[in-house]
Amino acid sequence: MAAQIWGSEKRARRRREISAKIAQMPELHDSKPLPFMTREEKIMESARKLTILTEKMGQIIDPTDPAELYHLNNEVLGLEGNPMALHGVMFIPALSAQASDEQQAKWLPRALRREIIGTYAQTELGHGTNLQNLETTATYDLATQEFVLHTPQITALKWWPGNLGKSSNYAVVVAHMIIKAKNYGPHPFMVQLRDEKTHEPLPGITIGDIGPKMAYNIVDNGFLGFNKYRIPRTNLLMRHTKVEADGTYIKPPHAKINYSAMVHVRAYMLTGQAIMLASALNIATRYSSVRRQGQIDKSQPEVKVLEYQTQQHRLFPSIARAYAFQFAGAETVKLYEHVLKEMKSGNVSLMADLHALTSGLKSVVTYQTGEGIEQARMACGGHGYSMASYISEIYGVAIGGCTYEGENMVMLLQLARYLVKSAALVKSGQSSKLGPLVAYLGVKSEPTSLIDRIPNSGFTEYVKTFQHVSKRQTLKAADMFFGLMEKGEKREIAWNKCSVELNRASRLHTRLFIVEAFVRRVNEIADIRIKEALTDLLHLHVNYELLDIASYALEDGFLSASQLDYIRDQVYLYLGKIRPNAVSLLDSWEFSDIELRSVLGRRDGNVYENLFKWAKSSPLNKTDVLSSVTQYLKPMMEKARL
Ligand SMILES: CCCCC/C=C\C/C=C\C/C=C\C/C=C\C/C=C\C=C\C(=O)SCCNC(=O)CCNC(=O)[C@H](O)C(C)(C)COP(=O)(O)OP(=O)(O)OC[C@H]1O[C@@H](n2cnc3c(N)ncnc32)[C@H](O)[C@@H]1OP(=O)(O)O
Ligand SMILES: Cc1cc2nc3c(=O)[nH]c(=O)nc-3n(C[C@H](O)[C@H](O)[C@H](O)COP(=O)(O)OP(=O)(O)OC[C@H]3O[C@@H](n4cnc5c(N)ncnc54)[C@H](O)[C@@H]3O)c2cc1C
């Protein structure tokens, strides 16, 4: 199963080897539990481990393999971030995709050797979503052949970029490029922020940390202002766009090609989210198989809480989602790598498809991951609320994904643009022009679902039902939009009036893709035992998801009330079937205790001993009487007693 999750036997074996090596290297372990550290201590601890890793990485992993790097990162540095998180996730990808060969030769080796630390600075205090209204400017000075970066007002301060505040000395900065008073829109520039020797901010740069956040606090998300700060013309990233010395602008082959670093993260973050969901579920499911509370049969001893159907219903559909996201994420990464290769050689024809797909997936996956993690926390009762479970930290980090790399509603609306265009093709009889991801929009569906009528139909009838609801909602939302425009409404106003319905279409389309990715994977599996276990999970997935969106299929009678009963029964059937495999389905992800950082979810299952030991190690328990008591509470009580 681990091979299915991680992509191959070799990958699963390598993960085990890497975890085993790290277990033998105490210098790479947290020196004390992270929840007992202050933010400053955590940042120091993370930098300590990061520098050891830089020295010893080659002994542990193949540093050129992104999957091994990611695993090493999760084990040693953990999900709260590190001083170079953005360096790997966005700075290097932005340089790789957007810098010319010559620029890459100059900067990439230095970045890869970690001579310099970089980030991606785009979002501003006043604007994150609407990139056209960013306010930082890069004005070309013909006389000196330099760009002058400037922050005209407080809302133009860069705000949020990870590791910008304190760690990075370089950044890819996105600014509106102005040449001879003409604004060419947002473009990426390589900018040195701090002196390489002293790490002091360079003259003309105002920089700092934006303060503590809901989670992810090892990362120094920062602010940045420029006061007429000059950089050479050749610091504009020039793989696709060029500015000649005389100010001549050579436009890129696709207007949005400079957005590729965002698309990169959107594609890669899906498996990251799956890992966080599976981690929280691993903790909760292990704990639920240890925790005994109440009886189902009063004549019998107390049961493990995992025996309760409500507990299974709370956890198991999310286990199925974690697998589904992992499989859909792996497909998306493959597609991304393909499109990136094509883009580098000038073929940009697949960019719109990739953008639409990643926009939808990023939104649905992050939202449902958040839901699943929060349910996992609640499933642990009181102990889930303790930082000993670590689930609240996992939640805090994962839920950030709903916002970063494009706020979820906004990204769903991006996919909706693509769906509406596709609907227009269907309506004008041009279905043959539909791309493969939306081809189903042009296929006539049966009047009613055959879900309970064709035994052994595999998952075909389910896929057809998901296709039906997605198609119907897309065409309905598109009709609503076109109808408003026909009545004379301006395009943008009409769009806004339909946007809730449009986003519904985007979600349904994305959920269909996730189901299909799961089906594709299960169909490929040769090992009969693995196939059987995953088929059960897939049964739960399709029935649970369909029940969740059933109102769309009931509206037009595609599903009947009796079919709904059938689907519901299937959910209960598969909850029971999955129960014996539940812990194994999560243990198969092979998270080490070091990586999980959870006292509640350790592999040994000694929950109560571990919790008591952890509580005793709390800094508050170093003394029996705290100074807050001697200084304030004791005098208060004494005064009251007088
Ligand atoms: C196994 C290996 C594992 C390795 C794992 C490695 C990495 C793990 C990954 C993640 C780790 C996890 C955690 C990371 C932790 C923390 C976060 C880190 C970083 C966060 C960074 C950021 O947040 S950076 C800032 C991100 N900002 C945004 O995303 C802004 C969102 N806004 C936009 O993208 C745009 O403004 C917009 C898309 C909403 C609108 O753009 P605009 O220019 O205004 O365009 P229009 O709306 O006018 O549209 C015009 C047409 O262009 C199309 N389009 C838009 N974007 C694209 C695109 N990217 N590609 C192709 N086409 C695009 C758009 O659809 C329109 O088309 P039509 O006109 O045809 O409809
Ligand atoms: C943990 C974290 C890490 C980050 N890291 C980075 C980084 O490294 N680099 C970087 O540059 N940025 C980073 N960001 C910033 C992030 O990319 C932005 O916060 C994000 O893109 C959302 O933009 P915003 O904050 O302007 O939200 P807003 O756009 O102001 O959103 C507020 C609300 O308005 C709605 N809204 C906005 N526009 C529309 C619209 N057109 N239609 C409908 N509804 C709309 C949204 O749906 C949302 O409900 C990070 C953010 C976080 C939380």
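These numbers were taken from a predicted model, which means no experiment stands behind them.

Caption draft 1: Structural detail: the packing of helix α7 (residues 260-288) against helix α9 (residues 351-379). The geometry of α7 relative to α9 is characterised by a closest axis approach of 9 Å and an angle of 15° between their N-to-C directions. Between α7 and α9, the angle falls in the class roughly parallel. Relative to α9, the crossing made by α7 is left-handed. Counting all contacts with α7, which are made through V263, R266, A267, M269, L270, Q273, M276, L277, A280, L281, A284 and S288, the residues of α9 involved are L354, H355, T358, L361, K362, V365, T366, T369, G372, I373, A376 and A379. Classifying every residue of the contact of α7 with α9 by side-chain character gives 15 nonpolar, seven polar and two charged.

Caption draft 2: Spotlight on the site of ligand 2. In the vicinity of ligand 2, 19 residues are found, and the nearest of them are Y120, T123, G128, T129 and E407. At a separation of 3.0 Å, a nitrogen atom of ligand 2 approaches a polar backbone atom of Y120. Note that an oxygen atom of ligand 2 is positioned 3.0 Å from one of the backbone N or O atoms of Q122. Contact with the protein chains removes 63% of the 970 Å² of surface that ligand 2 exposes when unbound. Its residues placed into classes, the shell around ligand 2 shows eight nonpolar, nine polar and two charged. Split by domain, the residues of the shell around ligand 2 number at least three in each of domain 2 (116-252) and domain 3 (259-425 + 467-585).

Caption draft 3: Spatial organisation of a positive patch on the surface. A cluster of like positive charges, contributed by K256, R417, K421 and R491, occupies part of the molecular surface. In this fold, R491 is placed in helix α14 (residues 491-497).

Caption draft 4: Fine view of the site of ligand 1. Taken together, 29 residues sit near ligand 1, with T129, Q132, Y259, R417 and K421 positioned nearest. Here a nitrogen atom of ligand 1 sits 3.2 Å away from a polar atom, N or O, in the side chain of Q122. Within the side chain of Q132, a nitrogen or oxygen atom sits 2.7 Å from an oxygen atom of ligand 1. Contact with the protein chains hides 80% of the accessible area of ligand 1, taken as 1500 Å² for the molecule alone. Elements represented by at least two residues in the shell around ligand 1 include exactly α4 (66-77), α5 (85-98), α7, α9 and α12 (408-427). At five residues, the largest contribution of residues to the shell around ligand 1 is made by α7. Among the residues making up the shell around ligand 1, the classes are represented as 15 nonpolar, nine polar and five charged. Taken domain by domain, the makeup of the shell around ligand 1 includes at least three residues from each of domain 2 (116-252) and domain 3 (259-425 + 467-585).

Caption draft 5: How the structure looks around the pairing of strand β8 (residues 222-226). Among the five residues that make up β8, four are buried, leaving the element largely enclosed by the rest of the structure. For strand β4 (residues 158-159) and β8, the ladder comprises two bridges, and the chain directions are antiparallel. Across the sheet, K158 pairs through a bridge with L224, a residue of β8. Across five bridges, the pairing between strand β7 (residues 205-209) and β8 is antiparallel. From the neighbouring strand, T206 faces β8, where its bridge partner is G225.

Caption draft 6: Looking closely at the pairing of strand β2 (residues 137-141). As defined by bridge partners, β2 adjoins strand β3 (residues 146-150) across five bridges and the pair is classed as antiparallel. Bridge assignment links D141 to a residue of β3, and that residue is E146. Turn length for the β2-β3 hairpin, with the two strands adjacent in sequence and antiparallel, is four residues, and the turn residue Q145 shows positive phi of about 55°. As judged from the three bridges shared by β2 and strand β5 (residues 170-179), these two strands associate in the parallel manner. Looking at the pairing, T137 lines up with H176 of β5.

Caption draft 7: Structural detail: the UniProt feature "active site" (unreviewed entry) in the protein chain. Mapped onto this structure's residue numbering, the UniProt feature "active site" (unreviewed entry) falls at E405. For E405, the position within the fold is in the loop between α11 (391-399) and α12. Once you skip the residues sitting within four places of it in the chain, E405 turns out to touch M90, M262, V265, R266, M269, K362 and M411.

Caption draft 8: Geometry of the UniProt feature "binding site: FAD" (unreviewed entry) in the protein chain. When the UniProt feature table is mapped onto this chain numbering, "binding site: FAD" (unreviewed entry) sits at T123 and G162. The largest pairwise C-alpha distance within this set of annotated residues, which runs over 40 residues, is 10.5 Å, so the set is compact in three dimensions. The residue T123 is located in the loop between β1 (118-121) and β2 in this model. Setting aside anything within four residues of it in sequence, one finds T123 in contact with G128, L157, K158, W159, W160 and P161. Relative to the elements of secondary structure, G162 occurs in the loop between β4 and β5. For G162, a relative accessible area of 5% gives the class buried. G162 has contacts with L86, T119, V219, D220 and N221, leaving out every residue within four places of it along the chain.

About the thresholds
- What you see as residue numbers is a count from 1 along each chain, following the sequence as written.
- Chains and ligands are labelled sequentially in the order written, the chains with letters from A and the ligands with numbers from 1.
- Reporting in this predicted model follows two pLDDT cut-offs: at least 70 for local features of residues, and 80 or more for side-chain atom pairs to be given and counted; totals over whole chains, interfaces and linings ignore these cut-offs and use all residues.
- Excluding hydrogens and water, the side-chain figures rest on all heavy atoms present in the structure.
- Axis definition: a line fitted to C-alpha atoms, limited for helices to the stretch in contact. Angles are taken between N-to-C directions and run from 0 to 180 degrees.
- Labels follow the DSSP assignment, with helices taken as runs of H or I lasting at least four residues and strands as runs of E lasting at least two, numbered in each case from the N terminus.
- Roughly parallel covers angles under 35 degrees, roughly antiparallel covers those over 145, roughly perpendicular covers 65 to 115, and oblique covers all other angles.
- In a left-handed crossing the near helix is turned counterclockwise from the far helix by less than a right angle, and in a right-handed crossing that turn is clockwise.
- The criterion used for residue contact is that any of the two residues' heavy atoms lie within 4.5 Å.
- In the scheme used here, Gly and all other residues not listed as nonpolar or charged are polar, with Ala, Val, Leu, Ile, Met, Phe, Trp, Tyr, Cys and Pro taken as nonpolar and Asp, Glu, Lys and Arg as charged.
- For this description, a residue counts as near a given molecule or strand if any of its non-hydrogen atoms is within 4 Å of it.
- Here a polar contact means two N or O atoms within 3.5 Å. Within protein one must be a hydrogen donor candidate and the other an acceptor candidate, and residues neighboring in sequence count only if both atoms are side-chain atoms.
- Accessible surface is estimated by sampling points in the Shrake-Rupley manner with a 1.4 Å probe; for residues, cover comes only from the protein chains shown.
- The start and end points of each domain follow an automatic or database-based domain assignment.
- Exposure above 30% relative accessible area and the lack of any salt bridge qualify a residue for a patch; like charges then connect within 9 Å, and the nonpolar side chains Val, Leu, Ile, Met, Phe, Trp and Tyr within 5 Å.
- Salt bridge, as used here, is a side-chain nitrogen of Lys or Arg placed within 4 Å of a carboxyl oxygen of Asp or Glu.
- In this charge count, Lys and Arg are treated as positive and Asp and Glu as negative; neither His nor the chain ends contribute.
- Note on charges: their place is set at NZ of Lys, CZ of Arg, CG of Asp or CD of Glu.
- The classification of residues rests on relative accessible area computed with a 1.4 Å probe and restricted to protein chains. Under 20% of the type maximum is buried, over 50% is exposed, and intermediate values are partly exposed.
- By definition, two strands form a pair when at least two bridges between them are found by DSSP.
- UniProt positions are given in the numbering used here, feature names are shortened, and annotations may be inferred rather than shown by experiment.

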